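Next come the chains, spelled out residue by residue.
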Amino acid sequence: MKIVKTVADYRALGLQDVGFVPTMGALHEGHLSLIRAARELHEEVVVSIFVNPTQFAPHEDLSRYPRPFERDVELATAAGATTIFAPSVDEMYMASPVSIHVPVVTELYEGAHRPGHFDGVATVVAKLFLIVQPKTAYFGKKDLQQCAVIQKLVRDLNFPVNLYFCDTVREMDGLAKSSRNVYLSPEEREVAPELYRQLSVAKERVEASMSFAETENQATNELAKQGFVVDYFSVIDRNLFQPANPDTREFAIIVAARIGTTRLIDNVTFDR
Ligand code: AMP
């Protein structure tokens, strides 16, 4: 395992045929599934571990975000990573940094609830692609809007990188694995799977021709009853990340909701 902390040290490795998995660390089975997918196709699997400050809004959990670095290195190695790129904030950003804004797909949902978040994501991913120079980069559909943002970034700016989007890895009870699940109290952990349950029910309702608005209302009310504060529960066109319309064929149903102080997101996708 090679662990590098600077751009110069990474470049000096001269890696070829790189599969790349960008992460913020606190690795779990979701991240490891991306590393294993990269391992299947690439000689070198680079995992970046960087808690990117520019994608956190001032009131968010940047300072309390978990950072178990030694454990992350062990887990990444066991899953097939060959190099860890773990730069400092100073290594990545200078004063008054350039920022990339991806339009349209960032307007609503996470983009509206987390101002500046996707500018932070698009910029750091662009930087990481230019540093790491991967053949293929692996992302999780758990963060579905992020996938849409990165797809547009890569197409519009002609990054020579293939993208691979991996299915969401879940706990036995359906809760999507997330580094933020460690914040949940035992009581909150018990109700958390309700998010995925409501997404699954909503999908069946849309497939049975319930209106999008009625589907959204019923799920939102049900989640509120269980103690969630719902930021959005929406039936959307998953390519545009805009509300679905009668012509939509490629759907997602997406949710963001808070239990206590923890904000969770999840989604399901389907076609018709
Ligand atoms: P993060 O460390 O949260 O920035 O996540 C790094 C990558 O892992 C992103 O591409 C996420 O979408 C992906 N990821 C996070 N959780 C999961 C999960 N439960 N299943 C699959 N991929 C995931």
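Refer to the preceding data block for the structure.
Positions within a chain are numbered from 1, following the residues in the order the chain's sequence is written. Restriction of local features to residues with pLDDT of at least 70 applies here, the model being predicted, together with a cutoff of 80 or more for giving and counting side-chain atom pairs; totals for whole chains, interfaces and linings are based on all residues. Each side-chain value is worked out from all heavy atoms of the structure, with water and hydrogens disregarded.

## What about the site of the ligand?
Proximity is defined per residue: any heavy atom of the residue falling within 4 Å of a molecule or strand makes that residue near it. Around the ligand lies a shell of 17 residues, among which His31, Gly140, Asp143, Val169 and Lys177 are the nearest. Two N or O atoms form a polar contact when they lie within 3.5 Å of each other; inside protein one atom must be a possible hydrogen donor and the other a possible acceptor, and for residues adjacent in sequence the pair counts only when both atoms belong to side chains. Measuring from a nitrogen atom of the ligand, one finds a backbone N or O atom of lysine 177 at 2.9 Å. In short, Shrake-Rupley with a 1.4 Å probe defines the accessible areas, and a residue's cover is counted only from the protein chains shown. Burial of the ligand by the surrounding chains reaches 93%, relative to a free accessible area of 490 Å². Secondary structure elements with two or more residues in the shell around the ligand: β2 (18–23), α2 (29–41) and β5 (136–140). Each helix is a run of H or I in the DSSP string that is no shorter than four residues. Each strand is a run of E no shorter than two, and both are numbered from the N terminus. Looking at the shell around the ligand, the element that brings in the most residues is α2, giving three residues. In the shell around the ligand, the residues fall into six nonpolar, seven polar and four charged. Asp, Glu, Lys and Arg are counted as charged, while Ala, Val, Leu, Ile, Met, Phe, Trp, Tyr, Cys and Pro are counted as nonpolar; the rest, among them Gly, fall into the polar class.

## Quick look at the packing of aromatic side chains
Any two of the Phe, Tyr and Trp rings considered here, Trp counted by its six-membered ring, make a pair once their centres fall within 6.5 Å; the pair's planes then place it as stacked at under 30 degrees, edge-to-face at over 60, or tilted in between. What the rule picks out here adds up to eleven aromatic pairs. Each ring, one from phenylalanine 129 and one from phenylalanine 159, has its centre 5.8 Å from the other, and the planes form 75 degrees; the classification is edge-to-face. One end of the pair, phenylalanine 129, is in helix α6 (residues 117–132); the other, phenylalanine 159, is in the loop between α7 (144–156) and β6 (162–166), with 30 residues separating them in the sequence. Residue class for phenylalanine 159 comes out buried when judged on its relative accessible area of 13%. The interplanar angle of 65 degrees and the centroid separation of 5.8 Å between the aromatic rings of phenylalanine 212 and phenylalanine 251 together place this pair among those described as edge-to-face. Residue phenylalanine 212 is found in helix α10 (residues 212–225), and its partner phenylalanine 251 is found in strand β9 (residues 250–259); the two are separated by 39 residues along the sequence. We note that phenylalanine 212, like phenylalanine 251, is buried. Members of the aromatic cluster, joined through ring pairs, are Phe20, Phe129, Phe139 and Phe159. The classification of residues rests on relative accessible area computed with a 1.4 Å probe and restricted to protein chains. Under 20% of the type maximum is buried, over 50% is exposed, and intermediate values are partly exposed.

## A closer look at the sheet that holds strand β7 (residues 229–237)
Sheet strands line up and pair through hydrogen bonds in the backbone, either parallel or antiparallel. Should DSSP find at least two bridges between two strands, the strands are taken to pair. Strand order in the open sheet formed by four strands is β8-β7-β9-β10, and the pairing between neighbours is antiparallel. Each edge of the sheet is formed by a strand with only one pairing partner; in this case those strands are β8 (242–243) and β10 (262–271). Relative to β10, β9 is paired through ten bridges, and the arrangement is antiparallel. Pairing of isoleucine 253 across the sheet is with valine 268, part of β10. Seen against the sheet, α10 touches β7 and β9 and runs at an angle of roughly 155 degrees to β7. Residue contacts follow a heavy-atom distance rule, with two residues in contact if any of their heavy atoms lie within 4.5 Å. Inter-axis angles, ranging from 0 to 180 degrees, are taken between N-to-C directions of lines fitted to C-alpha atoms, where helices are fitted over the stretch in contact.

## Concerning the packing of α2 against helix α3 (residues 69–79)
One can describe the packing of α2 onto α3 by two numbers: an axis separation of 9 Å at closest approach and a directional angle of 35 degrees. Every pair of crossing elements has a handedness; the one defined by α2 and α3 is right-handed. Contacts between α2 and α3 pair Leu32, Ile35, Arg36 and Arg39 from the former with Leu75, Ala76 and Ala79 from the latter. Looking at the contact of α2 with α3 residue by residue, the class counts come to five nonpolar, no polar and two charged. Here is the rule for handedness: rotate from the far helix to the near one, and if that takes an anticlockwise turn smaller than a right angle the crossing is left-handed, while a clockwise turn gives right-handed.

## Comments concerning the sheet that holds strand β3 (residues 44–49)
Pairing is parallel in the open sheet, where six strands are placed in the order β1-β4-β3-β2-β5-β6. Edge positions in the sheet fall to β1 (2–4) and β6, since each has one partner strand and no second. Each neighbouring strand pair of the sheet contributes to a mean axis angle of 25 degrees, computed without reference to strand direction. Inspection of the sheet shows β2 paired to β5 by two bridges, in the parallel sense. Each residue of the ladder has a partner; that of glycine 19, found in β5, is threonine 136. Packed onto the sheet, α2 meets β2, β3, β5 and β6 and runs at close to 155 degrees relative to β5. Set on the sheet, α7 makes contact with β5 and β6; between it and β6 the angle comes to about 170 degrees.

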